[in-house]
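# Close look at the chain arrangement
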Amino acid sequence: MAARKEKTFRFMIVGGGIAGVTCVEQLSSQIPSADVALITAGPHIKAVTNYKQVSKTLEEFDVEERPSSVLAEKFPNLTIIHSAVKSLCTQSHSVETADGRVFGYEKLCICGGGRPKLLTWDNPYVLGIRDTDSAQDLQKQLSRAKRIVVVGNGGIALELVYEVEGCEVIWAVKDKAIGNPFFDAGAAQFFIPSLEVDKPERAAPCKRTRYTTEEPEPGASQTFTADRNARRRGSGPTEAGSALGPDWHEGIVLRGAEQVSRRVSLEYQCEVEKIFTSAELLDSPQQTIGAENEGSWPVYIQLTNGKTFGCDFVVSATGVVPNAEPFLHGNNFALADDGGLQVDDHMMTSEPDVYAAGDVCTACWEHSALWQQMRLWTQARQMGWYAGRCMAAHMLSEPIELDFCFELFSHITKFFNYKVVLLGKFNGQGLGPDQELLLRCTKGREYVKVVLSGGRMVGAVLIGETDLEETFENLILNQMDLTPYGEELLNPNIDIEDYFD
Ligand SMILES: Cc1cc2nc3c(=O)[nH]c(=O)nc-3n(C[C@H](O)[C@H](O)[C@H](O)COP(=O)(O)OP(=O)(O)OC[C@H]3O[C@@H](n4cnc5c(N)ncnc54)[C@H](O)[C@@H]3O)c2cc1C
Ligand SMILES: NC(=O)C1=CN([C@@H]2O[C@H](COP(=O)(O)OP(=O)(O)OC[C@H]3O[C@@H](n4cnc5c(N)ncnc54)[C@H](OP(=O)(O)O)[C@@H]3O)[C@@H](O)[C@H]2O)C=CC1
């Protein structure tokens, strides 16, 4: 990186997703006089709105996609650079952007997010969902589809199979039950009937403003009216916009070409053996396909359970990988097993003056016994905010301690139209046999699971309007011995809140 630095900023943040934008906001409010630069590949940024602290650790907020000028107007010392970072030189404290400019930094925070871990990048019939463009692409393909296959068992698959109408959905999951990263087999069983009935009418359409990347913003130094196929093929992960999040499906119509409402068939405990086109099928007469595949389909998917399905396309909802690649070359970053930039309890990577937050990083400090990292919206916000505080504290030579939000894992979301709250070691993660479960379930209304270890509550799954989250959060945080209460803890006739007052 021999070119001269155009300017050196005191703080530089790469990535206009939730982590990056929260970090910028934190730094710009804490040290308003500091020169801050936000370098982002997409033309829009994500902003947290309607933030609500529900309890000590649970938080709820909306996320809006906005033109970056909104952020620039709010913070006069903020410079927004619309380009992708092509390379980073930690030794000279500089970055080079795709449009050939070089900028220096005193402290840098990498918030480059993640990219979908697709089954394959070079098959046009395999789609992933990450940003607004990929969601719109899905919508377009779906409008012509009669049957799709969804592979994966996490957040995206759970949302998609519930939302898609007018199209047959084959859902291939590798586990014995649905939703494995989020809940156990009992909760999965609670949700299954929701797939068998029509989706209730949505109460109110989503009113949030959404932007597409079709029109570049005035002044943008690079446009991202991407060749979607190229992007899908993975030629440019750095060109992707920020990740979608809660309600991503509300702004788009997920309707196929058929007159049916929802029709989901589940294939458990299987993975993908191979994906092939109709032409390849004709070329291999030994390939057998069942009667359910009558007619001709553009693509076929063979599963490890021996079944083959013809379909219009496959959705690969198979997780994310940290988007650390653009920052690695020539540097010496320590990477975690999942490919994330390792960060310590001050969100610092192994390179001096370089921090990281959100999906791109892997939290490598010694975690509290009740917290684990999941690549979620909430954690991206918390990490971005805390990284901003750490950068400011280090610049001002002030001490800073790991924030309380990393004490207890907590997540509020919605699956199949039910409120879902996850607390602590909600799936007994890492507890081995040293755990006891208490369950309460009312079909169609609520599912409550408590995880106890040594008589103390260490996790909970709350589905439906249980109103238990605050009390359970307190019980988990204060680690009170609950042995004397036994199963009474979940007795629906006891007002548990009064009980522990
Ligand atoms: C379909 C979908 C639904 C989801 N639903 C939920 C949900 O309901 N609840 C929840 O908690 N989480 C959800 N998530 C996860 C959540 O969206 C992410 O964990 C979160 O947005 C990550 O934020 P981030 O800022 O780390 O990364 P991102 O939002 O991915 O932002 C990364 C930013 O970096 C920029 N960038 C990348 N590379 C470069 C480069 N080289 N140079 C410059 N800029 C670069 C990108 O343009 C982007 O602006 C969902 C994710 C998806 C895909
Ligand atoms: N409401 C919410 O909170 C939502 C959150 N999200 C987040 O967005 C991100 C992307 O979502 P998503 O893609 O669903 O990722 P997730 O990590 O949630 O789920 C991926 C799923 O795919 C499985 N999988 C991985 N590789 C394969 C394979 N080759 N064949 C079959 N299955 C496979 C994983 O199994 P295994 O774990 O065993 O590898 C896992 O069950 C995640 O960070 C997720 O947490 C997304 C939507 C909603």
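Residues numbered from 1 in each chain as written. Chains lettered and ligands numbered in written order. Predicted model: local features only at pLDDT ≥ 70, side-chain atom pairs only at ≥ 80, totals over all residues. Heavy atoms only, no water.

Going by the annotation in an unreviewed UniProt entry, the name recorded for the protein is Pyridine nucleotide-disulfide oxidoreductase domain-containing protein 1, with Cyclopterus lumpus given as the source organism. On record in UniProt, under Cofactor (unreviewed entry), the comment for the protein is "FAD". Per UniProt, the protein carries the Function (unreviewed entry) text "Probable FAD-dependent oxidoreductase; involved in the cellular oxidative stress response. Required for normal sarcomere structure and muscle fiber integrity." (UniProt positions renumbered as here; feature names shortened; annotations may be inferred.)

Bringing the packing of helix α1 (residues 18-30) against helix α8 (residues 377-395) into the picture now. Relative orientation of the contacting elements α1 and α8 amounts to 35 degrees, with a least axis distance of 7 Å. Considering how the two elements wind past one another, α1 and α8 form a crossing that is right-handed. Across from Ile18, Ala19, Thr22, Cys23, Gln26, Leu27 and Gln30 in α1, the residues of α8 making contact are Trp377, Ala380, Arg381, Gly384, Trp385, Ala387, Gly388, Arg389, Met391 and Ala392. Per-class residue counts for the contact of α1 with α8 are 10 nonpolar, five polar and two charged. (Axes fitted to C-alpha atoms, helices over the stretch in contact; angles between N-to-C directions. Helix = DSSP H or I, 4+ residues; strand = E, 2+ residues; numbered from the N terminus. Left-handed = near helix turned anticlockwise from the far one by under 90°. Contact = heavy atoms within 4.5 Å. Nonpolar A, V, L, I, M, F, W, Y, C, P; charged D, E, K, R; others polar.)

According to the stated counting rule, one finds 19 salt bridges in the structure shown. Note that Arg130 is salt-bridged to Asp359, the shortest N-O span being 3.0 Å. With Arg130 in the loop between β10 (126-127) and α3 (132-142) and Asp359 in the loop between β20 (354-356) and β21 (361-363), this residue pair connects regions lying 229 residues apart in the sequence. The class for Asp359 is buried, based on a relative accessible area of 12%. Put simply, Glu469 and Lys419 hold a salt bridge, and the shortest N to O gap is 2.7 Å. (Salt bridge = Lys/Arg side-chain N within 4 Å of Asp/Glu carboxyl O. Buried < 20%, exposed > 50% of the residue type's maximum accessible area, 1.4 Å probe, protein only.)

Let us now look at the site of ligand 2. In the vicinity of ligand 2 lie 22 residues, with Ile156, Gly319, Arg375, His411 and Thr413 positioned nearest. Contacts to ligand 2 include Ile156, whose backbone N or O atom sits 2.9 Å from an oxygen atom. In the environment of ligand 2, an oxygen atom lies 2.8 Å from a nitrogen or oxygen atom belonging to the side chain of His411. Relative to its unbound accessible area of 900 Å², ligand 2 is 76% covered by the protein chains. Looking at the shell around ligand 2, the elements with two or more residues in it are α4 (155-163) and β22 (410-415). (Near = heavy atom within 4 Å. Polar contact = N/O pair within 3.5 Å; in protein donor to acceptor, adjacent residues only side chain to side chain. Areas by Shrake-Rupley, 256 points an atom, 1.4 Å probe, with all protein chains shown as cover.)

A word on unusual backbone geometry. Despite not being glycine, Asp353 has its phi angle at roughly 65 degrees, a positive value. Among the structural elements, Asp353 can be located in the loop between β19 (341-343) and β20. We classify Asp353 as partly exposed; its relative accessible area is 22%. One non-glycine residue, Gln479, lies in positive phi territory at about 50 degrees. In this structure, Gln479 sits in the loop between α9 (469-478) and α10 (496-499).

Among the surface-exposed residues, Glu465, Asp467, Glu470, Asp495, Glu497 and Asp498 lie close enough to one another that they form a single negatively charged patch. You can see Asp467 is positioned in the loop between β26 (456-463) and α9. Given a relative accessible area of 62%, Asp467 falls into the exposed group. (Patch = residues over 30% accessible without salt bridge, like charges linked within 9 Å, V, L, I, M, F, W, Y side chains within 5 Å. Lys, Arg positive; Asp, Glu negative; His and termini not counted. Charge placed at Lys NZ, Arg CZ, Asp CG, Glu CD.)

Attention now moves to the UniProt feature "domain: FAD/NAD(P)-binding" (unreviewed entry) in the protein. Sites flagged by UniProt as "domain: FAD/NAD(P)-binding" (unreviewed entry) map to residues 10-163 and 299-384. Between the C-alpha atoms that bound residues 10-163 the distance is 45 Å, and the span itself is 25% helix and 40% strand. Along residues 299-384 one finds 9% helix and 29% strand; the C-alpha atoms at either end are 41 Å apart.

Let us look at the nonpolar core. Grouped together as the largest cluster of nonpolar side chains are 110 residues, with contacts concentrated most on Ile13, Ile110, Phe191, Met347 and Phe416. Take this core: its biggest share by element is nine residues, from α8. When near neighbours in sequence (up to four residues on either side) are disregarded, Ile110 contacts Val14, Leu88, Phe327, Phe333, Leu341, Val354, Tyr355, Ala356, Ala357 and Val360. Leu370, Val421, Met457 and Leu462 belong to the second-largest nonpolar core, a separate cluster that totals 23 residues. (Core = buried A, V, L, I, M, F, W, Y, C linked by side-chain atoms within 4.5 Å.)

A separate point is the sheet that holds β26. With respect to topology, five strands assemble into an open sheet ordered β22-β23-β26-β25-β24, the strand pairing being antiparallel. In this open sheet, the two edge strands, each paired with only one partner strand, are β22 and β24 (436-442). With direction set aside, neighbouring strand axes in the sheet form an average angle of 15 degrees. Inspection of the sheet shows β22 paired to strand β23 (residues 418-424) by six bridges, in the antiparallel sense. Within β23, the residue paired with Lys414 across the bridge is Lys419. In the packing of α9 onto the sheet, the strands contacted are β23, β25 (446-453) and β26, and the crossing angle to β26 comes to about 160 degrees. (Pairing = 2+ DSSP bridges.)

Now for the pairing of β26. Extensive coverage of β26 is indicated by the burial of seven of its eight residues. Relative to β26, β23 is paired through five bridges, and the arrangement is antiparallel. Looking at β26, one finds that Val420 is bridged to Ile463. With seven bridges connecting them, β25 and β26 associate as antiparallel partners. Bridging from a neighbouring strand, Val448 pairs with Leu462 of β26. From the end of β25 to the start of β26, which pair antiparallel, there are two residues, and Gly454 there has a positive phi angle of about 60 degrees.

Our focus in this paragraph is the sheet that holds strand β15 (residues 299-303). Pairing is antiparallel across the open sheet formed by three strands, whose spatial order is β14-β15-β16. Each edge of the open sheet carries a strand with a single partner, namely β14 (272-277) and β16 (308-311). On average, adjacent strands in this sheet sit at an angle of 20 degrees to one another, irrespective of strand direction.

Taken as a whole, the protein is organised into domain 1 (7-113 + 323-406), domain 2 (116-208 + 247-316) and domain 3 (417-499). Centre-to-centre separation of domain 1 and domain 2, based on C-alpha positions: 34 Å. Sorting the residues of domain 1 by area buried against domain 2 places Asp62, Glu65 and Met374 first, and these three jointly supply 53% of that buried surface. Our count for the domain 1 to domain 2 interface comes out at one salt bridge. (Domains from an automatic or database assignment. Buried area = accessible area lost by both parts, 1.4 Å probe.)

On inspection of all chains with the given rule, the structure shows 17 aromatic pairs. Residues Phe190 and Tyr447 carry aromatic rings whose centres are separated by 6.2 Å and whose planes lie at 45 degrees to one another, so their mutual orientation is tilted. Here Tyr447 lies in strand β25 and Phe190 lies in helix α5 (residues 185-196), a separation of 257 residues in the sequence. When sorted by exposure, Phe190 lands in the same class as Tyr447, which is buried. (Phe/Tyr/Trp six-rings, centres within 6.5 Å; stacked < 30°, edge-to-face > 60°.)

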